[in-house]
Amino acid sequence: MGNSRSFGASANVPEHNGGQLFVSLKLHKTDGQPMPLNAVPHVTGSMPIVGLWDPVKATAMEGESSTVWELSFVVPSDHDTLEFKFVLKPVDNEREGVFEEGPNRILKAGVMSGGPGPMAKFLLPREYGVGTLELPVSVATDSVSPFALAASWRALKKNIKPYGTRVLGIPDVSLDQISESRQYGLNAWIKKSDVQKFSSGNPSPIPPDHSAQHALELDIEHYEVPPPGSVFKHSVYAADATEFPRGNLERSAAVPVPFYGESLKYKRRQGNPTPLSKKENNTDRSVSVKDLVALGDSDAVPVQAAVSEGESASRDLKTSSKAVGGHSPRLIEIGSDMSQIESQLNDYAETEESGGSKSMPEAAGAVAAAAVADRLLGAKERRQLAIVLVGLPARGKTFTAAKLTRYLRWLGHDTKHFNVGKYRRLQLGCNQSADFFRGDNQEGIDARNEVAALAMEDMLAWMEEGGQVGVFDATNSTNARRKMLMKLAEGKCKIIFLETICNDRAMINTNIELKIQQSPDYADATDHEAALQDFKARLSNYEKMYEPVTEGSYIKMIDMVSGRGKMEVNSISGYLPGRIVFFLLNTHITPRPILLTRHGESQDNVRGRLGGDPPLSEAGEKYALKLADFVHKRLKNERTASIWTSTLQRTLLTARHISGFPKVQWRALDEINSGVCDGMSYLEVKETMPEEYLAREQDKLRYRYPRGESYLDVIQRLEPVIIELERQRSPVVVIAHQAVLRSLYAYFSDKPLKEVPHIEMPLHTIIEIQMGVTGIQEKRYKLMETQSTKYAEFP
């Protein structure tokens with residue numbers, strides 16, 4: 001890229017030699033500057049690209065982060081003078097907006113001049129909530145060739161969010177600089193010099209492409225093969241795939257005394273505002289559930305008394321959360337990177353400490369390690385973490401809980417998913433009608449509280465045995481229920497409430513249909529319409545009682561399924577809660593396929609050698625052609641798909657015939673580093689390094705090659721790849737290596753870590769993972785047989 005310029009550099013016009021200019025306009029939010037709610041900066045001006053001064057056609061700036069908005073575009077270096085202004089527009093009104101004050105800004109040859117200077121000033125109407133808004137302005141330009149633009153820039157800005165780290169000056173995430181247009185026209189041959197860019201060795205020349213004779217002879221369906229075993233159990237209802245009760249389904253508590261509803265809001269709707277007396281705080285297992293349900297707590301959140309019974313709970317969901325414990329909830333926007341999230345959470349953690357921020361105690365060795373652990377995780381008795389779901393039915397709680405459980409297990413945290421609905425069905429059967437869930441049904445309330453307490457006690461008992469993170473999945477829709485859970489967990493684990501809020505009626509209706517089709521509660525229903533009305537009545541009963549979370553530590557996911565929602569966090573600090581926030585911020589339910597495949601057979605596969613950076617064998621070359629044909633047929637209607645490879649040449653060569661899609665190279669996708677064993681055969685390792693050979697045989701998961709990596713190391717460096725795969729809304733083809741694909745596949749299939757090094761990952765086979773609201777499904781396609789057998793033992 002060429003000459004970067006910023007605002008004020010108008011004295012010397014840069015020389016661009018008739019090429020293209022990539023122009024980046026940015027507005028920056030300064031510290032302490034309040035921003036109007038639901039307003040987005042736009043740009044409009046004298047060129048069609050920015051709307052020809054029509055506010056309705058003004059081009060929106062993209063939120064690069066929570067404090068920076070950017071609009072980027074490409075123009076010829078000798079472009080006409082562009083006059084423009086910034087406009088602040090509400091998201092719900094395309095025809096209104098507020099122009100910045102002062103004369104027009106001028107952009108010529110990549111240099112900005114004129115206008116009100118380096119600050120955009122807006123005088124806003126009262127309804128914006130902010131009187132005067134001043135935002136610093138910057139502009140940067142780069143010379144860019146049409147080839148680099150076509151192959152790289154769109155992918156960089158739209159499909160990939162780089163993680164900003166570099167190894168030996170090379171980005172961890174980079175883009176293929178071979179232009180797509182050149183691949184269209186010159187697919188028949190790659191110059192030797194192009195290949196040498198990917199390797200320091202001397203690869204063999206690539207033969208001319210005879211793609212016609214190596215194309216797929218049949219439709220892609222004919223290459224489908226059954227996956228090994230039954231990894232993805234589509235017939236199992238998600239909630240019933242959770243933990244079973246540890247013992248019998250009986251608690252030693254007496255039947256609780258009747259009371260009117262478990263929700264303060266419900267009591268007030270029934271005209272009985274008098275709270276019950278607070279019972280003694282006793283968390284013994286034999287205590288009555290009613291002694292744990294403290295409806296009369298003085299810190300109960302007040303609820304407006306006059307609420308009509310027919311109102312939807314959405315009114316309560318949209319109210320602002322109250323500050324808890326002296327802290328205000330923090331909004332985290334979609335698109336925030338991990339450093340921004342950690343900064344916000346660390347700010348909270350520092351203010352939480354009495355007497356201000358404390359420095360890390362001076363210690364050495366194991367003492368220092370213990371100090372770090374205490375700082376990140378809290379006191380030892382608080383290191384167990386309970387993620388308690390909150391939300392109305394059909395809001396995606398179980399989907400979110402299952403996804404989070406899978407992620408934490410894959411990272412190595414001992415995590416289990418406890419679903420109260422499963423406990424209820426096992427104890428009471430599957431035939432409860434909507435009346436069972438009414439707020440004035442004392443028997444139903446008692447039964448639901450009993451199974452919730454039983455599930456919570458099972459989770460806490462598992463934590464006492466060493467479990468780390470429990471995901472407690474239920475509606476938990478009232479303050480009383482949540483206080484009961486907090487009393488049970490007092491002194492045993494830290495609770496973070498995870499509330500899922502969805503106001504998208506179409507999505508709610510979709511989830512309701514899935515409930516009717518999949519839930520065991522309606523397995524025996526013969527009348528679909530009657531089942532649908534029953535569930536809607538159940539939902540209405542919950543809406544009447546629902547009380548949004550305002551207490552304790554919590555994460556609120558608000559309309560996240562749309563991709564335009566937001567997340568609200570309160571009293572969240574520490575390493576693991578930060579990872580959880582970042583993961584949840586990047587997940588969604590948009591259906592899309594992820595295709596996993598190993599590179600074509602390499603020359604080291606044939607020779608049976610570890611590591612290296614060899615070119616493809618003859619069979620590998622054939623597979624590269626067949627893979628390109630497969631991808632073009634499978635993704636012919638998916639023009640926003642992308643191709644991800646490692647930085648090693650055998651994946652780059654495998655991907656080179658795939659045209660029309662941006663290609664991204666990830667260093668994190670490189671094969672496991674075999675250290676001093678690189679280039680050796682397995683037999684040579686056994687003969688010359690018998691101790692290493694034996695150690696690897698005994699624990700392949702944790703074994704680390706001398707000066708190399710273990711499988712656990714690979715999993716840790718793949719976490720950014722998993723986050724990016726979760727964030728993508730378009731198909732992705734991942735061309736990588738055996739150990740890397742084993743680790744990725746283990747995440748999607750929820751395989752135990754100990755099984756990762758032994759997952760079957762054959763050459764010349766495509767694994768299609770379909771992600772969506774109904775869970776994960778798998779297909780496999782074997783495009784050709786492989787003659788080599790030695791590769792199967794590696795790495």
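Please read these numbers as outputs of a predicted model, since none were measured by experiment.

**Section: the packing of aromatic side chains**
Considering all chains together, one arrives at twelve aromatic pairs under this definition. Between Tyr-407 and Phe-583, the ring centres sit 4.0 Å apart and the planes meet at 10°, which makes this aromatic pair stacked. Of this pair, Tyr-407 sits in helix 10 (residues 397-410) while Phe-583 sits in helix 16 (residues 575-585); the two residues are 176 residues apart in sequence, bridging distant segments of the chain. A relative accessible area of 0% places Tyr-407 in the buried class. Between Tyr-703 and Tyr-705, the ring centres sit 5.3 Å apart and the planes meet at 75°, which makes this aromatic pair edge-to-face. An aromatic cluster is built from Trp-410, Tyr-747 and Phe-748, whose rings are joined through pairwise contacts. Directly above the aromatic system of Tyr-745 lies the positively charged group of Arg-780, at a separation of 5.4 Å from the ring centroid.

**Some details on the side chain of Arg-105**
Examined against the element boundaries, Arg-105 turns out to sit in strand 8 (residues 105-108). For Arg-105, the side chain forms a polar contact with the side chain of Glu-100, separated by 3.0 Å. Of the polar contacts made by the side chain of Arg-105, one reaches the backbone oxygen of Met-119; its length is 3.2 Å.

**Considering the pairing of strand 27 (residues 765-772)**
Walk down a regular strand and you will see the side chains alternate between the two sheet faces. Within strand 27, seven of the eight residues are buried, which leaves the element mostly enclosed by the surrounding structure. Pairing of strand 23 (residues 592-598) with strand 27, which is carried by six bridges, proceeds in the antiparallel orientation. Bridge pairing in strand 27 links Ile-594 to Ile-769. Relative to strand 28 (residues 775-782), strand 27 runs antiparallel, the two sharing eight bridges. For Gln-770, the partnering residue across the bridge sits in strand 28 and is Gln-777.

**Digging into the nonpolar core**
With 71 residues, the main nonpolar core has Ile-387, Leu-669 and Val-734 as its most contacted residues. For this core, the element with the most residues is helix 24 (residues 738-749), which contributes eight residues. Excluding residues within four positions of it along the chain, Leu-669 makes contact with Trp-644, Thr-645, Ser-646, Arg-717, Leu-718, Val-721, Val-734, Ala-736, His-737, Val-740 and Leu-744. One finds Val-388, Leu-392, Phe-437 and Leu-460 within the second-largest nonpolar core, a separate group that totals 46 residues.

**Re helix 10**
The end-to-end C-alpha distance of helix 10 is 20 Å, a good match for the 20 Å that 14 residues give at a rise of 1.5 Å each. The element helix 10 is largely enclosed, with a buried count of eleven among its 14 residues. Three or more residues of helix 10 are buried, namely Lys-397, Thr-398, Thr-400, Ala-401, Lys-403, Leu-404, Thr-405, Arg-406, Tyr-407, Leu-408 and Trp-410.

**Digging into the pattern of salt bridges**
Scanning the entire structure with this criterion turns up 23 salt bridges. Ionic pairing is found between Glu-726 and Arg-592, a salt bridge with its closest N-O pair at 4.0 Å. Residue Glu-726 is located in helix 23 (residues 719-727), and its partner Arg-592 is located in strand 23; the two are separated by 134 residues in the primary sequence. Note that Glu-778 is salt-bridged to Arg-780, the shortest N-O span being 2.7 Å. Since its relative accessible area comes to 10%, Glu-778 is described here as buried. Note on Arg-780: relative accessible area 3%, which makes it buried. Several salt bridges share partner residues, and in doing so they unite Arg-424, Arg-425, Asp-521 and Arg-538 into one network.

**Digging into unusual backbone geometry**
One non-glycine residue, Asp-559, adopts positive backbone phi at about 50°. The class of Asp-559 is partly exposed, set by a relative accessible area of 22%. Of note in the backbone geometry, Asp-750 takes a positive phi value of approximately 55° without being a glycine. Relative to the helices and strands, Asp-750 resides in the loop between helix 24 and strand 27.

**Quick notes on the packing of helix 14 (residues 505-518) against helix 15 (residues 528-545)**
Relative to each other, helix 14 and helix 15 sit at 120°, their axes nearing to 10 Å. Judged on the interaxial angle alone, helix 15 and helix 14 are oblique. For the pair helix 14 and helix 15, the sense of crossing is right-handed. For the pair helix 14 and helix 15, the contacting residues are Ile-512, Glu-513, Lys-515 and Ile-516 in the first and His-528, Ala-531, Leu-532, Phe-535 and Leu-539 in the second. For the contact of helix 14 with helix 15, the residue count by class is six nonpolar, one polar and two charged.

**Notes on the confidence of the model for the chain**
Here the chain averages 75 in pLDDT, while 66% of its residues score no lower than 70. Per-element averaging of pLDDT across the chain places helix 3 (residues 192-196) at the bottom with 33 and strand 26 (residues 732-736) at the top with 97. For the stretch residues 177-212, pLDDT sits under 50, and the model shows 61 contacts to residues farther than four places along the chain or on other chains. Throughout residues 352-382 the model reports pLDDT below 50, and contacts reaching past four residues in sequence, or to other chains, amount to 26 contacts.

**Thoughts on the sheet that holds strand 4 (residues 62-63)**
An order of 4-5-1-11-10 is seen for the five strands of this open sheet, with the pairing classed as antiparallel. Sheet topology places strand 4 and strand 10 (119-123) at the edges, where each strand pairs with a single neighbour. In terms of strand pairing, strand 1 (residues 20-28) meets strand 5 (residues 68-76) through nine bridges, oriented antiparallel. Paired with Val-23 across the bridge in strand 5 is Phe-73.

Thresholds applied
- Residues numbered from 1 in each chain as written.
- Predicted model: local features only at pLDDT ≥ 70, side-chain atom pairs only at ≥ 80, totals over all residues.
- Heavy atoms only, no water.
- Phe/Tyr/Trp six-rings, centres within 6.5 Å; stacked < 30°, edge-to-face > 60°.
- Helix = DSSP H or I, 4+ residues; strand = E, 2+ residues; numbered from the N terminus.
- Buried < 20%, exposed > 50% of the residue type's maximum accessible area, 1.4 Å probe, protein only.
- Lys NZ or Arg CZ within 6 Å of the ring centre and 35° of its normal.
- Polar contact = N/O pair within 3.5 Å; in protein donor to acceptor, adjacent residues only side chain to side chain.
- Pairing = 2+ DSSP bridges.
- Core = buried A, V, L, I, M, F, W, Y, C linked by side-chain atoms within 4.5 Å.
- Contact = heavy atoms within 4.5 Å.
- Expected span 1.5 Å × (residues − 1).
- Salt bridge = Lys/Arg side-chain N within 4 Å of Asp/Glu carboxyl O.
- Axes fitted to C-alpha atoms, helices over the stretch in contact; angles between N-to-C directions.
- Parallel < 35°, antiparallel > 145°, perpendicular 65-115°, else oblique.
- Left-handed = near helix turned anticlockwise from the far one by under 90°.
- Nonpolar A, V, L, I, M, F, W, Y, C, P; charged D, E, K, R; others polar.
- pLDDT = per-residue confidence, 0-100.

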